[in-house]
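This is what each chain is made of:
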Amino acid sequence: MLVIRKATAADATLIVDMIRELADFEHELEQVDATPQDLLRDGFGANPRFCVSIAEWNGQAAAYALYFSTYSTWAGRPSLFVEDLFVRGQFRRKGIGKALLQHLAAVAHEQNCYGMHWEVLDWNATAIDFYRSLGARIRNGWLPVLLMGRAFEELASAEPLG
């Protein structure tokens, strides 16, 4: 039986474990620096920066989705950004991913969001096909941009003009 619940602070270690499993699946495990303490600080304090839903299958943690609000100047409304959506290998093909997305769509609808968005790796054909089957469109012409590490530090500490 599937149960989807809101994560609590007690789930921080579990969430980090699943983040690491997702990163390993995406061949980027060495990029993960997040700790349970990071999640506790940023997701479970007075002003949480994100939310997490956990899907349990027969009492076992099967999947998670980490999400937060963004805002569209064009729509004049918020959207829900799904940072992570991950179903553990042994729980795939049971409808858990779809159930999590349905849950997130309901959350977004309650928050007056115009929609949801997320990213998918271009080599993950199974996920791309799944998302398309739900009616999602893969956006061509838009490229993800990431500024981090030394370049981020240099830009952040540069002298302002003026």
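Scroll up a little and you will see the structure.
Figured I'd write up the structure that's included with this text. (Residues numbered from 1 in each chain as written. Predicted model: local features only at pLDDT ≥ 70, side-chain atom pairs only at ≥ 80, totals over all residues. Heavy atoms only, no water.)

1. Topic: the side chain of aspartate 84
In step 1: When you line up the elements, aspartate 84 lands in strand S4 (residues 77-87).
In step 2: Put simply, aspartate 84 is tucked away with no salt bridge, and the nearest opposite charge, on arginine 20, sits 12 Å away.
In step 3: Side-chain polar atoms of aspartate 84 contact the side chain of tyrosine 64, separated by 2.6 Å.
In step 4: Those residues in contact with aspartate 84, other than ones at most four positions away along the chain, are Ile19, Leu22, Tyr64, Ala65 and Leu66. (Helix = DSSP H or I, 4+ residues; strand = E, 2+ residues; numbered from the N terminus. Buried < 20%, exposed > 50% of the residue type's maximum accessible area, 1.4 Å probe, protein only. Lys, Arg positive; Asp, Glu negative; His and termini not counted. Salt bridge = Lys/Arg side-chain N within 4 Å of Asp/Glu carboxyl O. Polar contact = N/O pair within 3.5 Å; in protein donor to acceptor, adjacent residues only side chain to side chain. Contact = heavy atoms within 4.5 Å.)

2. Details of the pairing of strand S2 (residues 51-57)
In step 1: S2 sits mainly inside the fold: five of its seven residues count as buried.
In step 2: Here S2 folds back onto strand S3 (residues 60-72), and the loop between the two strands holds two residues, one of which, asparagine 58, carries a positive phi near 50°. (Pairing = 2+ DSSP bridges.)

3. What to know about helix H4 (residues 125-133)
In step 1: Looking only at H4, the buried set comprises Ala127, Ile128 and Tyr131. Buried residues of H4, seen end-on, are gathered within an arc of 100° and therefore sit on one face of the element. Along H4, the residues that are exposed and aim more than 90 degrees away from the buried face are Thr126, Asp129 and Ser133.
In step 2: Packing partners of the buried residues in H4 comprise S4, helix H3 (96-110) and strand S5 (116-118).
In step 3: Positive phi appears at glycine 135, one or two residues downstream of H4, with a value of about 100°. (Arc of directions from axis to C-beta.)

4. Structural notes on the environment of serine 157
In step 1: Note on placement: serine 157 falls in the segment after helix H5 (149-156).
In step 2: With 68 residues separating them in the primary sequence, serine 157 and glycine 89 have C-alpha atoms 42 Å apart.
In step 3: A polar side-chain atom of serine 157 sits 2.8 Å from the main-chain carbonyl oxygen of glutamate 153.

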